[in-house]
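Observations on chain architecture
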Amino acid sequence: MFGKKKTKPSIDQEQLALIKAAEKRIKQKKRLYIHFVIFLIGAVFLILANTVLGIGKDLKIAGLEWFVIAIVLWLFLFIYHFISVFITHKFMGKEWEDQQREALVAKQQERIDQLTQEYIKEEKEIAKSQAYNQILDSKITPEKKTPELTIIVAAGENNAIGKDNDLIWHLSDDLKRFKALTNGHHIIMGRKTFESFPKPLPNRTHIVITRQNGYIAPEGVIVVNNLDDAIDAARHDKQPFIIGGGEIYKQSMTLAHKIELTRVHANFENADTYFPEIDAMQWKEISNISHEADDKHAHAFSFITYVRK
Ligand SMILES: NC(=O)c1ccc[n+]([C@@H]2O[C@H](COP(=O)([O-])OP(=O)(O)OC[C@H]3O[C@@H](n4cnc5c(N)ncnc54)[C@H](OP(=O)(O)O)[C@@H]3O)[C@@H](O)[C@H]2O)c1
């Protein structure tokens, strides 16, 4: 049951072709030999037919006995057969074909090598010119290529930012700061945050991100299908703002240059949306202004500005 596997005898294609060629060659030589024997017997028969049996005794062609002409013609035929087996075969046989093929393959390989070299050279040239164009672009239009993409957010100590598609607190000074900073700029937001507003905010260009096709928004609101398109739509603004919510903040953390954070000094355990952790390795705090709690503000908070390191 667990005996050794039988190994199949295997002959590769090259060997098989050689065997076939050898068989063909043997057959050709055999046929030539049979032709020679038949020719000899035939020649003797023709001579006897004429001289002994008297067949066509008086028949002469160009002054020669007919059987002499027949034997000479046959001899020519035999010589032709001989030549094709031993001489033509040598020039046009398998070896000759192989040599021709090898020469052709070598020529094609040479051409392929040449084309590959040309292709590599071309690729290098293209890469060089692309790099050159990028440098040129950044020199000509620096403000266009590097807008200061800024995240603006208010988050609790536990990074809570919202619940049931609404804010968890009301801090009038924070709203005033939000209005002052974003005034006149593009504000980029997720569809849910946009829908949490009673109406679009005045004097700001709204860019709403949604995966829905044909999302209907009020006049003047730009609707896009991904964050890249949103940033692109705001490319002429020197400081476009990412204003939330949780999903959009998460996606823009690696793209933003600045974070304007209002840290609300309380934990909001009942929240359902959070701001991502600010990685101290990547962000540097450049400003921090504290605001105590008072009769207009239920919580103390701090305005903190971070820039990317
Ligand atoms: N504290 C703060 O400073 C602050 C600021 C803003 C918002 N918030 C709060 O945050 C909450 C809302 O945040 P959220 O995370 O639930 O929603 P969101 O980020 O405002 O919007 C999410 C929606 O944006 C669209 N979207 C997200 N990523 C996309 C992408 N890559 N391509 C295309 N579309 C994309 C999808 O819209 P579709 O479903 O239409 O495809 C998705 O459902 C609310 O509670 C709000 O009050 C707080």
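For the structure, see preceding data.
Quick summary incoming for the structure in this document. Predicted model only: the values in this text are computed from it and were never measured.

Moving on to the overall build of the protein. Looking only at helices and strands, the protein has 8 helices and 12 strands in total. Looking at the protein residue by residue over its 309 residues, the buried ones come to 17%. Taking all contacts inside the protein whose residues are at least 6 apart in sequence as the whole, residues at least 24 apart take part in 65%.

On to the sheet that holds strand β11 (residues 283-291). If you walk across this open sheet you meet the 8 strands as β7-β6-β5-β8-β3-β9-β12-β11, and the pairing is mixed. In the strand order of this sheet, the two ends are held by β7 (222-224) and β11, each with one partner. One ladder, built from 5 bridges, connects strand β5 (residues 186-190) with strand β6 (residues 205-209); its direction is parallel. Residue pairing across strands places His 186 opposite Thr 205, the latter belonging to β6. Sitting on the sheet, helix α5 (residues 172-182) touches β3 (150-156), β5, β8 (241-242), β9 (258-264), β11 and β12 (301-308), and the angle it makes with β3 is about 175°.

Around the ligand, the surrounding shell holds 28 residues, and the nearest of these are Gly 162, Gly 190, Gly 244, Gly 245 and Gly 246. For the shell around the ligand, the elements supplying multiple residues, two or more each, are β3, β4 (160-162), β5, α6 (191-196) and α8 (246-252). Of the residues in the shell around the ligand, the class split is 9 nonpolar, 14 polar and 5 charged.

For β11, the buried fraction is low: 0 of the 9 residues fall into the buried class. In this structure, β11 lies alongside β12, joined through 8 bridges in antiparallel fashion. Residue His 291 lies in a different strand from β12, and its bridge partner there is Phe 301.

Where a strand is regular, its side chains alternate between the two sheet faces. Counting buried positions along β3 yields 7 of 7 residues, so the element is predominantly enclosed. Judged by which residues are buried, β3 turns out to be covered on both faces: Thr 150, Ile 152, Ala 154 and Gly 156 on one side and Ile 151, Val 153 and Ala 155 on the other are all buried. As defined by bridge partners, β3 adjoins β8 across 2 bridges and the pair is classed as parallel. Across the sheet, residue Ile 151 finds its bridge partner in β8, namely Ile 242. Examined bridge by bridge, β3 and β9 share 7 bridges and lie parallel to one another. Counted as the bridge partner of Thr 150 is Lys 258 from β9.

Turning to the nonpolar core, a few remarks are in order. What tends to happen in soluble globular proteins is that the nonpolar side chains get buried as a cluster. Membership of the largest hydrophobic core comes to 35 residues, with the highest contact counts inside it found for Ile 151, Val 153, Ala 155, Ile 188, Met 189, Ile 242 and Ile 243. Of all the elements, β3 adds the most residues to this core, at 5 residues. Filtering out sequence-adjacent residues up to four positions away, Val 153 remains in contact with Ile 161, Gly 244, Tyr 249, Leu 261 and Phe 275.

This paragraph deals with unusual backbone geometry. The omega torsion of the bond from Gly 244 to Gly 245 falls at 0°, within 30 degrees of zero and hence cis. Structurally, Gly 245 is set in the loop between β8 and α8. Here the phi dihedral of Ala 62 falls at roughly 50°; this positive angle occurs in a residue that is not glycine. One can find Ala 62 in the loop between β1 (60-61) and β2 (64-65). The exposed category is assigned to Ala 62, around which 5 C-beta atoms lie within 10 Å. One non-glycine residue, Asp 164, adopts positive backbone phi at about 50°. Residue placement: Asp 164 occurs in the loop between β4 and α5.

Procedures and definitions
- Residues numbered from 1 in each chain as written.
- Predicted model: local features only at pLDDT ≥ 70, side-chain atom pairs only at ≥ 80, totals over all residues.
- Helix = DSSP H or I, 4+ residues; strand = E, 2+ residues; numbered from the N terminus.
- Buried ≥ 20, exposed ≤ 12 C-beta atoms within 10 Å, placed from the backbone.
- Contact = placed C-beta atoms within 7 Å.
- Pairing = 2+ DSSP bridges.
- Axes fitted to C-alpha atoms, helices over the stretch in contact; angles between N-to-C directions.
- Near = placed C-beta within 6 Å.
- Nonpolar A, V, L, I, M, F, W, Y, C, P; charged D, E, K, R; others polar.
- Core = buried A, V, L, I, M, F, W, Y, C linked by C-beta atoms within 7 Å.

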